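Listed here are the chains, written in short residue letters.
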Amino acid sequence: VEAPFVQIPLNVMDDMLVGSIDVEQSVQTGQAVFQPGLLARAHRGVLYVDDVNLLDSEATNILLQVLSDGFVVVEREGVSVK
């Protein structure tokens, strides 16, 4: 069974980590389309963070919250995804 291996870059932004609205697709479809982030790509796999102490404090807080809860809730522009 293959599992994803996703590396978190040190300069990761919140939207890249948890996901955001895909503006181009949203304009085309007329509805908000969610673009999953690195956490979703790593689901049931390995999320690798080299030098976690160098991560931005907001990214560190998000990762700690996800580790604690076991899931992430993303709320962007009227869209809520768990």
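Check the entry above for the structure.
What you see is a predicted model, and the numbers here were worked out from it, not measured in a lab.

K.L.:
Give a detailed account of the side chain of Ser26, specifying residues and quantitative values.
P.N.:
On the secondary structure map, Ser26 appears in helix 2 (residues 23–29). Ser26 gets classed as buried once you look at its relative accessible area, which sits at 13%. A polar atom in the side chain of Ser26 sits 2.7 Å from the backbone oxygen of Asp22. Among the polar contacts listed, one links the side chain of Ser26 to the backbone nitrogen of Val33, at a separation of 2.9 Å. Not counting residues up to four positions away in its chain, the partners in contact with Ser26 are Ile21, Gln31, Ala32 and Val33.

K.L.:
Any details on the environment of Val52? Residues and values, ideally.
P.N.:
Turning to its location among the elements, Val52 is positioned in the loop between strand 4 (46–49) and helix 4 (57–69). Among the residues examined, Val52 registers a relative accessible area of 46% and is labelled partly exposed. Distance in space between the C-alpha atoms of Val52 and Pro9 is 9.7 Å, their sequence separation being 43 residues.

K.L.:
Tell me what's going on with the packing of aromatic side chains, and back it up with residues and numbers.
P.N.:
A complete count under the given rule lists one aromatic pair for this structure. Plain terms: the ring middles of Phe5 and Tyr48 are 5.9 Å apart, the flat faces sit at 25° to each other, and that makes the pair stacked. With Phe5 in strand 1 (residues 5–8) and Tyr48 in strand 4, the pair connects residues that are 43 residues apart, well separated along the chain. The exposure class assigned to Phe5 is exposed, which follows from its relative accessible area of 54%.

K.L.:
Outline the environment of Val73, supporting the account with residue identities and numerical values.
P.N.:
Along the polypeptide, Val73 turns up in the loop between helix 4 and strand 5 (74–76). Val73 sits in the partly exposed class, given a relative accessible area of 42%. Residues Val73 and Ala32, 41 residues apart in the sequence, show an inter-C-alpha distance of 16 Å. Discounting residues that sit within four places of it in the chain, Val73 has contacts with Ser80, Val81 and Lys82.

Reading the values: the criteria
Residues numbered from 1 in each chain as written. Predicted model: local features only at pLDDT ≥ 70, side-chain atom pairs only at ≥ 80, totals over all residues. Heavy atoms only, no water. Helix = DSSP H or I, 4+ residues; strand = E, 2+ residues; numbered from the N terminus. Buried < 20%, exposed > 50% of the residue type's maximum accessible area, 1.4 Å probe, protein only. Polar contact = N/O pair within 3.5 Å; in protein donor to acceptor, adjacent residues only side chain to side chain. Contact = heavy atoms within 4.5 Å. Phe/Tyr/Trp six-rings, centres within 6.5 Å; stacked < 30°, edge-to-face > 60°.

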